[in-house]
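Each chain, written out:
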Amino acid sequence: EIYNSKVKSEGLVNYDDIACTWLKQKKKKNSNEKSITIYEHKLANLPIQGKPELYIGGIFPMTGEKYRAPELAKVAQMAVEDVNINSGILSSHKLVLSINDGKCEADVVMKRFIDIIKSKDTSRFRSTVGMLGPACSDTVEPIAGVSKHFRTVVISYSAEGSISRDGSTNYPYFFRTIAENKEYKHAYIATFRQLGWSKVAALTQDGAKYSDYISTLQDEFQSNDIEFVMNRKFPKEATDMSMYLRDLKDRGAKIIIGEFYASSARLIMCEAYKSGMTQKQGYVWFLPGWFDDRWYDIDWLRRVKNKTEALQPGNESASFISNGGTI
């Protein structure tokens, strides 16, 4: 009807105008219905569609020997849910978090990253906004390096270790929500000055990326008239710590910065007790702050281990037993 009238009156036909005119017409209604246009009626009867989804690839230390923190995945999921229900943040989209177990191992983390990037669903990859993780410093550098080739943002929530002297250039897509541990130098120097300490040493596990900051720390100490005695390293498979502690003791080091896993910490503290290198003898140990609250309680750890072994294989409860470790 509209088309015919337009042809008769104007000769030339503009289909856009005809369509708009039709949509603006009032829809025929019953006497008790509210008057609406055809456009309003069509819009109200469109099938309900979900919001476009934005994907985040999460890599968490769910299981593993070095460090476990499955609760991090739960916290991240809670954050995603909070964003999704907040109409003031990304109201036109829905965040979706995939949870992957990185086990705090470099090869496993890289495999998880590849799995996310090389998804068979190409539309999902195009909708992936970035990676959350990994947790451990030893696993960060490979992911941070590869991410620039895929232009994929990687944000670590707990990896404090240094990965480059010029991270902004070499790793433009890598960010973290926690400061690098090399920033500890300010706290150490202020503490030592306040307490009048002028001599310090370090005991670190060889090969751990997290402890690389000790070299920078040594230079800062010397610049502030604090003698850095030595950084005594030990291999990760070491079980007899007497030799390493003896070296520190012979060099007169009583303030010791320790960077090692919780399993090594138990051996070191036991040997420190035997060698008379505890607070009672005037020694001060700085240990990593992310160890389990009861990392030193051998009896409790033994009970936890027995309970874990009693669980059937594949029971998810086993993955929630944390043994602490350096990240």
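These numbers come from a predicted model, not from an experiment.

1. A short note on the packing of helix α9 (residues 184-195) against helix α10 (residues 213-223)
Then step 1. Remark: α9 packs on α10, axes separated minimally by 10 Å, with the N-to-C direction vectors making an angle of 40 degrees. With respect to each other, α9 and α10 are oriented oblique. The crossing of α9 and α10 is right-handed. Contact residues: Y184, K185, Y188, I189 and F192 in α9; Y213, L217, E220 and F221 in α10.
Then step 2. When grouped by side-chain class, the residues that make up the contact of α9 with α10 number seven nonpolar, no polar and two charged.

2. Considering the sheet that holds strand β8 (residues 255-259)
Then step 1. As summarised here, the arrangement of the four strands in space is β7-β6-β8-β9, forming an open sheet in which the pairing is parallel. Looking along the sheet, the strands with just one partner apiece sit at the ends: β7 (227-234) and β9 (284-286). The mean inter-strand angle of the sheet, taken between neighbouring strand axes irrespective of direction, is 20 degrees.
Then step 2. When β8 meets β9, the two strands line up parallel, connected through three bridges. Across the sheet, residue I257 finds its bridge partner in β9, namely F286.
Then step 3. Across the sheet, α10 is in contact with β6 (199-205), β7 and β8; its angle to β8 comes to roughly 155 degrees.
Then step 4. Sheet strands touched by helix α12 (residues 262-274): β6, β7 and β9. Its angle to β9, the strand with the most contacts, is close to 175 degrees.

3. Concerning the pattern of salt bridges
Then step 1. As enumerated under the stated definition, the model contains seven salt bridges in all.
Then step 2. The salt bridge partner of K111 is D115, with a shortest N-O separation of 2.9 Å. Within this pair, K111 and its partner D115 are both found in helix α5 (residues 106-117), separated by four residues, close to a single helical turn.
Then step 3. Classification of K111 by relative accessible area gives partly exposed; the value is 42%.
Then step 4. The partner of R294 in a salt bridge is D297, and the shortest N-O contact between them spans 3.2 Å.
Then step 5. Look at R294 and you get partly exposed, because its relative accessible area is 35%.

About the criteria used
Residues numbered from 1 in each chain as written. Predicted model: local features only at pLDDT ≥ 70, side-chain atom pairs only at ≥ 80, totals over all residues. Heavy atoms only, no water. Axes fitted to C-alpha atoms, helices over the stretch in contact; angles between N-to-C directions. Helix = DSSP H or I, 4+ residues; strand = E, 2+ residues; numbered from the N terminus. Parallel < 35°, antiparallel > 145°, perpendicular 65-115°, else oblique. Left-handed = near helix turned anticlockwise from the far one by under 90°. Contact = heavy atoms within 4.5 Å. Nonpolar A, V, L, I, M, F, W, Y, C, P; charged D, E, K, R; others polar. Pairing = 2+ DSSP bridges. Salt bridge = Lys/Arg side-chain N within 4 Å of Asp/Glu carboxyl O. Buried < 20%, exposed > 50% of the residue type's maximum accessible area, 1.4 Å probe, protein only.

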